[in-house]
Amino acid sequence: MRFPGISSPPRYRRRRRTRWTSSKVRVVTADAEHGWEADAPYDRIMVTVGAWDIPPAWRGQLAKGGRIVVPLRMKGITRSLALERTNDHLVSLSQGVCGFVKMQGVGAHDEYLWPLKGERVGLRFDDGNLADRHKLDGVLTGEHAAAWSGVTVARSEPFPDLPLWMATALPGFCNLTVDVPEGEDPGIVSAEGGRWFPFAAVVGDSFAYLSVRPAGEGIVEFGAHGYGPHGGEVAQAIVEQVQVWDRDYRGGPGPQFEVWPIDRPAEVLPKSVVITKQHTHVTISWPEVGETVQDQVAPRIQQQ
Ligand SMILES: C[S@@+](CC[C@H](N)C(=O)[O-])C[C@H]1O[C@@H](n2cnc3c(N)ncnc32)[C@H](O)[C@@H]1O
């Protein structure tokens, strides 16, 4: 049986209603956090709202070898993942760029905003410590530095793996958010005077963010702008990771995502980037240069 798309309007969240719309489709209105035990196990679960975590009920109600398709948010980046259930965890079969409204109800997860210029220009973190949010106060009025990578991209060329690579390679990864009216100075250098502000990294009392500058007809070069006493070094760290992405991962198969129960000890997780959530550890593994994602993960699945 296919688990239906998750789509209950908030006003129905506290009530559970069941009705038959045909002999093959059952519509249930309930909070998605708990799935729907009555008809489990399911071969397929399709989640059509942005999730921050995979609640135990979803994995528990999935048949072995069954699949969940879910837009999952990791460090502020959402990927639609097709995850297959193995013995004890979920392994991604494919991933796609997507955007979804955020989960409400029990599984809702707030982001943290560190203000840089009021609340209108700031850094958004998926996890972290709200107590640190004033650590960068006043930083925009201090030193500014830029670094450039020599890595270029055509304006029409997508680069979906670059933010993911940065999220896994850079400590203090976050998203820069700028919400000032058209024509108002945001107080930071924007890409080509435009309004493109993607991701950033914070190290200690400084931060830097990815930017671009023109590099020929229809081409731009990646670089970074940094603020704070060590902004130049953080900008340089971003640029170095742009160069690693360009050399080793650009145009490649992308990483493998695996979702493990939270009680799995950290030391037995694969040697990957580990994002620990409320119910799960999500591991993100990049293939060794020249290796495909399948080469990398297949041996681990066979061992189980
Ligand atoms: C992008 S819409 C998808 C609607 C529909 N499934 C579709 O494919 O057209 C996301 C829906 O998820 C619902 N939603 C948000 N949090 C939920 C939760 N915890 N449980 C169930 N539904 C939820 C929202 O109310 C919204 O209707």
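Quantities reported herein were computed from a predicted structural model and do not represent experimental measurements.

Asker: Would you mind going over the overall build of the protein with me for this structure?
Answerer: Looking only at helices and strands, the protein features four helices and 17 strands. The buried share of the protein, taken over its 304 residues, is 34%. In the protein, the proportion of contacts linking residues at least 24 apart, taken out of those at least 6 apart, comes to 55%.

Asker: Whenever I open this one, the pairing of strand 6 (residues 77–85) confuses me. Can you help?
Answerer: Look at any regular strand and the pattern is simple: side chains alternate between the two faces of the sheet. Sheet analysis places strand 5 (residues 62–74) next to strand 6, joined by eight bridges and oriented antiparallel. Bridging across to strand 6, P71 finds its partner in S80. The antiparallel pairing of strand 5 with strand 6 creates a hairpin that spans two residues between the two strands, and K75 there sits at a positive phi of about 50°. In this sheet, strand 7 (residues 90–97) lies alongside strand 6 in antiparallel orientation, the contact comprising seven bridges. Within strand 7, the residue paired with L83 across the bridge is S92. Where strand 6 folds back onto strand 7 in an antiparallel hairpin, the turn is made up of four residues.

Asker: Explain the environment of G226 here, please?
Answerer: With respect to the helices, strands and loops of the structure, G226 is situated in strand 14 (residues 219–227). On the neighbour-count criterion, G226 (29 C-beta atoms within 10 Å) is buried. Through-space distance from the C-alpha of G226 to that of A208 is 3.8 Å; in sequence the pair is 18 residues apart. Apart from the residues within four sequence positions on either side, G226 is in contact with A145, S206, F207, A208, G231, G232, V234 and A235.

Asker: I tried to follow the nonpolar core on my own but got confused; where do I start?
Answerer: Across soluble globular proteins, you tend to see nonpolar side chains buried next to one another. Of all hydrophobic cores here, the largest spans 58 residues; its most connected members are L123, A200, A201, F207, A208 and I238. For this core, the leading source of residues is helix 3 (residues 231–249), giving seven residues. Beyond its immediate chain neighbours, meaning those up to four positions away, A200 contacts L123, C174, N175, L176, F207, A208 and Y209.

Asker: In this structure, what is going on with helix 2 (residues 161–169)? I would like to understand it.
Answerer: Because an α-helix packs 3.6 residues into every turn, residues spaced three or four apart end up facing the same way. Counting buried positions along helix 2 gives seven out of nine residues, so the element sits mostly inside the fold. For helix 2, the set of buried residues is L162, P163, L164, W165, M166, A167 and T168.

Asker: I'm lost on the sheet that holds strand 8 (residues 112–117) in this one. Help?
Answerer: By definition, the strands of a sheet pair up through backbone hydrogen bonds, in either a parallel or an antiparallel sense. The seven strands are arranged 8-9-11-12-13-14-10 in an open sheet whose pairing can be described as antiparallel. What marks the edges here is a single partner per strand, and that holds for strand 8 and strand 10 (144–154). Direction aside, neighbouring strands of the sheet carry axes that sit 30° apart on average. As defined by bridge partners, strand 9 (residues 121–125) adjoins strand 11 (residues 173–178) across four bridges and the pair is classed as antiparallel. The partner of L123 across the bridge, within strand 11, is L176.

Asker: Explain unusual backbone geometry to me, please; I cannot follow it from the model alone.
Answerer: When glycine is set aside, most residues are seen to have a negative phi, and most peptide bonds are trans. Cis geometry marks the peptide bond from A40 to P41; its omega dihedral reads 5°. The topology assignment puts P41 in the loop between strand 3 (26–29) and strand 4 (42–46). Here the phi dihedral of K75 falls at roughly 50°; this positive angle occurs in a residue that is not glycine. Relative to the helices and strands, K75 is located in the loop between strand 5 and strand 6.

Asker: I'm lost on the confidence of the model for the protein in this one. Help?
Answerer: Reading predicted coordinates in detail is not appropriate for stretches of low pLDDT. The predicted model of the protein has a mean per-residue pLDDT of 85, with 84% of residues at 70 or higher. Segment residues 7–16: pLDDT under 50, and twelve contacts once partners within four positions in sequence are set aside and those in other chains are kept.

Asker: When you look at helix 3 in this model, what are you seeing that I'm missing?
Answerer: Taking 1.5 Å per residue, 19 residues should reach 27 Å; helix 3 reaches 26 Å between its end C-alpha atoms and fits that length. Those residues of helix 3 that fall on the buried side of the exposure criterion are G231, G232, V234, A235, A237, I238, V239, Q241, V242 and W245. Looking at the buried residues of helix 3, the elements they touch are strand 10, helix 2, strand 12 (199–203), strand 13 (206–214) and strand 14. At the C-terminal side of helix 3, G251 shows a positive phi close to 75°.

Asker: Is there a simple way to explain the pairing of strand 17 (residues 280–285) in this structure?
Answerer: Most of strand 17 is tucked away: five of the six residues are buried. Relative to strand 17, strand 15 (residues 256–261) runs antiparallel, the two sharing six bridges. Considered in strand 17, the bridge of E258 is made with T283. Pairing geometry for strand 16 (residues 273–276) and strand 17, over four bridges, is antiparallel. Bridge assignment links I275 to a residue of strand 17, and that residue is V282. Hairpin connection of strand 16 to strand 17: three residues between the antiparallel strands.

The rules we used
Sequence positions are assigned chain by chain, starting from 1 and proceeding in written order. Thresholds applied to this predicted model are a pLDDT of at least 70 for local features of residues and 80 or more for the giving and counting of side-chain atom pairs; totals over whole chains, interfaces and linings are not thresholded and use all residues. Each helix is a run of H or I in the DSSP string that is no shorter than four residues. Each strand is a run of E no shorter than two, and both are numbered from the N terminus. Buried residues are those with 20 or more other C-beta atoms within 10 Å of their own C-beta, exposed residues have 12 or fewer, and partly exposed residues lie in between; C-beta atoms are placed from the backbone. It is the C-beta atoms, placed from the backbone, that decide contacts: two residues are in contact if theirs lie within 7 Å. Should DSSP find at least two bridges between two strands, the strands are regarded as paired. Any nonpolar core is a set of buried residues, restricted to Ala, Val, Leu, Ile, Met, Phe, Trp, Tyr and Cys, that join up through C-beta atoms within 7 Å. Helix axes are fitted only over the stretch in contact, all axes being lines through C-alpha atoms; the angle between N-to-C directions runs from 0 to 180 degrees. Values of pLDDT, which run from 0 to 100, indicate the predictor's confidence residue by residue. Between the first and last residue of a helix there are one fewer steps than residues, each counted as 1.5 Å, and that sum is the expected span.

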